[in-house]
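Coordinate inspection notes
In case you want the letters, here they are:
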Amino acid sequence: MSLVHLTATEQKRLLSTGEISSLQLTETYLDRIATHDGRVGAFLRISADSARRRAQEIDARRRAGQPVGKLAGLPIAVKDVLCQRGERTTCGSRMLEEFCPPYSATVIEKLLAEDAVLIGRTNMDEFAMGGSTENSAFQQTHNPWDLQRTPGGSSGGSAACVAASMAPLSIGTDTGGSIRQPAAFCGVVGLKPTYGRVSRFGLVAFASSLDQVGPVAQTVEDAALLLEVIAGHDPRDETSLPEPVPAFSASVGKPLENLRLGVVPDHFAAGLDSEVEAAVRAAIETYAGMGATIKEIALPHAKYAVATYYVIAPSEASSNLARYDGVHYGYRTDEPAMLAELQAERKQLAAEGKQAAVEELDSALVRMYRRTRAEGFGPEVKRRIMLGTYALSAGYYDAYYLKALKVRRLIRQDFNRAFEEVDLIASPVTAAPAFRLGEMVNDPLAMYLVDLYTVSANLAGIPGISLPCGQTSAGLPIGLQLLAPALEEDRLLRGARMVEQATEWHTQRTPNLD
Amino acid sequence: MSNAYTTVIGLEVHVQLATQSKLFCRCSTRFGAEPNTQTCPVCIGMPGTLPVMNREAFCLALKTAVALNCKIPEFTKWDRKQYYYPDLPKGYQISQFDLPMSENGYLEISDPKGSFEPKRVSIIRAHLEEDAGKSVHDEIAAKGDSLIDLNRTGTPLLEIVSEPDLRSSLEARIFLNELKLLLTYLGVSDCNMQEGSLRVDANVNLHVPTQGESVPTPIVEIKNMNSFRAVERALDYEAARQYQQWQETHQTLGNAPKQTRGWDEPAGVTRGQRSKEESSDYRYFPDPDLVPVTVTPDELEELRDSLGELPAALGRRLTEQHGLSQYDAQVLVNQGRPLVNYFLEVIELGTDSKAAANWVTQEVLRQLKDREETIEQFNVPPDALAELIAKIKSGDIPSTRGREVFEVMSGAGQTVAQAMDALAIAEVDLSDLSSLCEKLLATNPKIVADVQNGKLKAIGSLIGQAKKQNPNVTPDQVRETCLQMILSQGQQ
């Protein structure tokens, strides 16, 4: 069996006993990427040389008996939305195609501090906006289970590379489901932590009040290990929480006693794919079989979650993305061409005697802004900037943004009430398995509705995990979502690990690649 | 003319707080550095960076708000004010919109010359925000390129907005003086207008009595005033301009839009600015990167206790407890707390407060001005001045020579005794006086004869001669001794 088919936890053990070296492991993954990523397209860039150097350096330290970190020698792929000093960080956008930040995200610093080997940057929907990774400005990512299908998004590259065994672990980000949904589509584990659990410093913002960084892994145990490393208070992020981080990887194997599992009947209403429903219900049955109490609960405001999300997230995005204006860094339109065009327009209007229209012409600065943003952003990003700009405009603010904030509070209250009665809530991650590439590109609304089961956790700021719980008859993975109260990642991981240990879904491998 | 209308003025003052570092990052706020050398990824808004509030800036703002008698809510938050401009690198300014850190305060103003009744000017609100960068437009180069300096970006500003309670340019200037004095006493800002630490915009219109009603004219916001004097001139110009416009157009507040005009200092006029740039929708919304700030009643109490005596209270203490005139008190207070402390030390040594006030407000200030020194650098410590005043009072130093002694003391840094030695000021021995007078009488028989004939004034010329020979003798001493000698000669 190839090393790449071991879990990260198993690899970590072999590394620590010296049975394998990090260089050997890294080379194996680099080979695997070279062989398969041409078809999957999970990676935007591979750092083969620096990964090898780093692996050798860690191996040397380990051989010399020096202390090494919790992730020592493990290759990790990172979504191209986290800044790393001196490395390109594109966010899947033309706007930042050449952008090299002079600072590193806290998450990157934590990974490096624990001796991870960063092997490459994964593809994503532009600025994390999308659910299929089709909004990347650079390339398409294919679902390793069926190359005609989407890996999901926006962390599609991060989920696909783990599913295709091109990295044992990866980092994704989740604003409305962007870790959990691709994890479900790709048959891997993805966890969105409590808002504030992981520092956002250096994470290029999409929607600041919703964004969280989280782990993507083959197993719940591996996800616990990675979360333990990246979580923790950061004085550089005011919204980061001061609570200490439990040793998730130490406790993850301990089953929850007297588990009360909540199920929301509305989650199984019309629109849910029957095979997905069957798999999720089977997982719930597995819990019942292990002695858990299954309890029906209500989340009465959940039906407004998608609408609420698509006011709040674009509003924040419209503001966060205002900085990409071509002035200080990033893409700028071809200035001489822009000025020539403006000059030609002025001449044309003057020749036609339209003096008033000449007065109304853009200044060079305004035209530079327009051109830069028109050329630098893709259609989905523009759509969301327009949505958000509209929602925050005078006269609409109260009806949209303010109303959405109120509903958000109600959604949070729903969860607070529900978690008085249950310990975890189980649901599907998506209503259907991975759809075909291109299937929804012309139907943005249908694409937004894919987030139905995932956005509530972001709005409420609570942690959620997606783990494999079945396959369709066509062999596509199906995910189970578990949600826990804020800061209860330990409970979430232990609960997820229970069903993982009782089933074999996490050991299934992509048939098309092997 | 002055009865033809009432001028109504509200001021908007931006104060740069005297923090070491910026409002949301640790970059220095020092003025005058090379362009773009005091920046970091946070203040230039690079992707993924996050602001973290500078608690020191918040404390300085809070101090000011409390000193302005504002209500301080327990909860305040940050909002983004969004607009595109090259010197605003994030595309928004972090400011405060609907829940500012303070509201509903006031500042008392009065004119020592009594041109208006003392009044309370209401403060609508004072809120914190970050400054933008500076655009330098190259007007000469053909391409018209602009340069951006982001050193100032993120510097903490306190925006103080008054109600339109001011009724003349003089009131506006006195309000600004009083505000600046308060800020200086609190040590929250250096208030340097040239360096942009204090910026003033004014909203002004007229209320014109018309057929028994008071009709308001359209409001004009004046910008680009770089000194208090400029504010005064611009307001005077603008009031006259608006009255003329009213007579021509009869436009009122309701039927014409608010206008922004810039003050052109060399030309002494205000000029209209493009109205297109004013109608912005800033799309304010709460900044999700920053947590709300809470101020507990205990923290507020502690802050109140730390404020110290503010200028208004200090002025009252000087008049009520130390019997100074309003005028003297104001002169002292306006010079700042260190000079007041100097004065207080002088009177604590038992000096009469009126005499001390005269010395400090006249001689001390004159010396400081001539020497371009601050009171902290001044050569004459308070106890030396107290001793000088005491010696003059006791007659040890002739009152006519007090200033001379003081000048020597401050010039050479000498004690009273040293200065007196240097000037050879000493008490005249009585036998020395007698022999001096005897000599004078002997050498001036004509004067003796004149006196004997009843022309007592003739003795004056002897006084002059006596002083030449011994500068310490006083005119009275010489007059009395000589008269006695002449009269006793006559009796013989």
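**Some thoughts on the overall build of chain A**
- Helix and strand content of chain A: 18 helices and 11 strands.
- C-alpha atoms of chain A, sized along the principal axes, occupy 80 × 55 × 45 Å.
- Buried residues in chain A amount to 58% of all 514 residues.
- When contacts within chain A are restricted to residue pairs at least 6 apart in sequence, those whose partners lie at least 24 apart make up 77%.

**Remarks on the domain arrangement of chain A**
All names here are of chain A.
- For chain A, the assigned domains are domain 1 (3-244 + 258-265 + 420-507) and domain 2 (325-376).
- One C-alpha centre belongs to domain 1, the other to domain 2; they are set 42 Å apart.
- Taken residue by residue, the interface counts 6 residues in domain 1 and 4 residues in domain 2.
- Among the residues forming the side of domain 1 that touches domain 2, the class breakdown is 3 nonpolar, 1 polar and 2 charged.

**Thoughts on the sheet that holds strand 3 (residues 79-82) of chain B**
All names here are of chain B.
- Spatial strand order, 4-3-15: 3 strands in an open sheet with antiparallel pairing. Only two strands of the sheet have a single partner each, and these edge strands are strand 4 (92-95) and strand 15 (285-286).
- Both strand 3 and strand 15 contribute to a ladder of 2 bridges, which runs antiparallel. Bridging from a neighbouring strand, D79 pairs with P286 of strand 15.

**Quick notes on unusual backbone geometry**
- Cis geometry is adopted by the peptide bond preceding S154 of chain A, which originates at G153 of chain A and carries an omega value of 10°.
- Mapping S154 of chain A onto the fold places it in the loop between strand 3 (117-122) and helix 5 (156-163).
- In this structure, S165 of chain A takes a positive phi of about 55° despite not being glycine.
- Tracing the sequence through the fold places S165 of chain A in the loop between helix 5 and strand 4 (169-174).
- The phi dihedral of C191 of chain B falls on the positive side, at around 55°, and the residue is not glycine.
- Within the secondary structure, C191 of chain B is located in the loop between helix 2 (169-186) and strand 10 (198-210).
- A count of 19 C-beta atoms within 10 Å places C191 of chain B in the partly exposed class.

**Description of the interface of chain A and chain B**
- Taken together, the contact between chain A and chain B spans 35 residues of the former and 24 residues of the latter.
- Among the elements of the structure, helix 10 (305-320) and helix 13 (364-376) of chain A are those that each provide at least two residues to the side of chain A that touches chain B.
- Classifying every residue of the side of chain A that touches chain B by side-chain character gives 19 nonpolar, 9 polar and 7 charged.

Cut-offs and rules
- Residue positions are counted from 1 within each chain, in the order its sequence is given.
- Whichever chain is written first is A, and whichever ligand is written first is 1; the rest continue in order.
- Where totals are concerned, whole chains, interfaces and linings use all residues; where local detail is concerned, this predicted model gives features only for residues with pLDDT of at least 70, and gives and counts side-chain atom pairs only at 80 or more.
- Working definition: helices are DSSP H or I runs of at least four residues, strands are E runs of at least two. Numbering for both runs from the N terminus.
- Residues are called buried when their C-beta atom has 20 or more other C-beta atoms within 10 Å, exposed when it has 12 or fewer, and partly exposed otherwise; all C-beta atoms are positioned from the backbone.
- Placing C-beta atoms from the backbone, we regard two residues as in contact once those atoms come within 7 Å.
- An automatic or database domain assignment supplies the start and end points of every domain.
- Residues are grouped as follows: nonpolar covers Ala, Val, Leu, Ile, Met, Phe, Trp, Tyr, Cys and Pro; charged covers Asp, Glu, Lys and Arg; every other residue, Gly included, is treated as polar.
- Any two strands between which DSSP finds at least two bridges are classified as paired.

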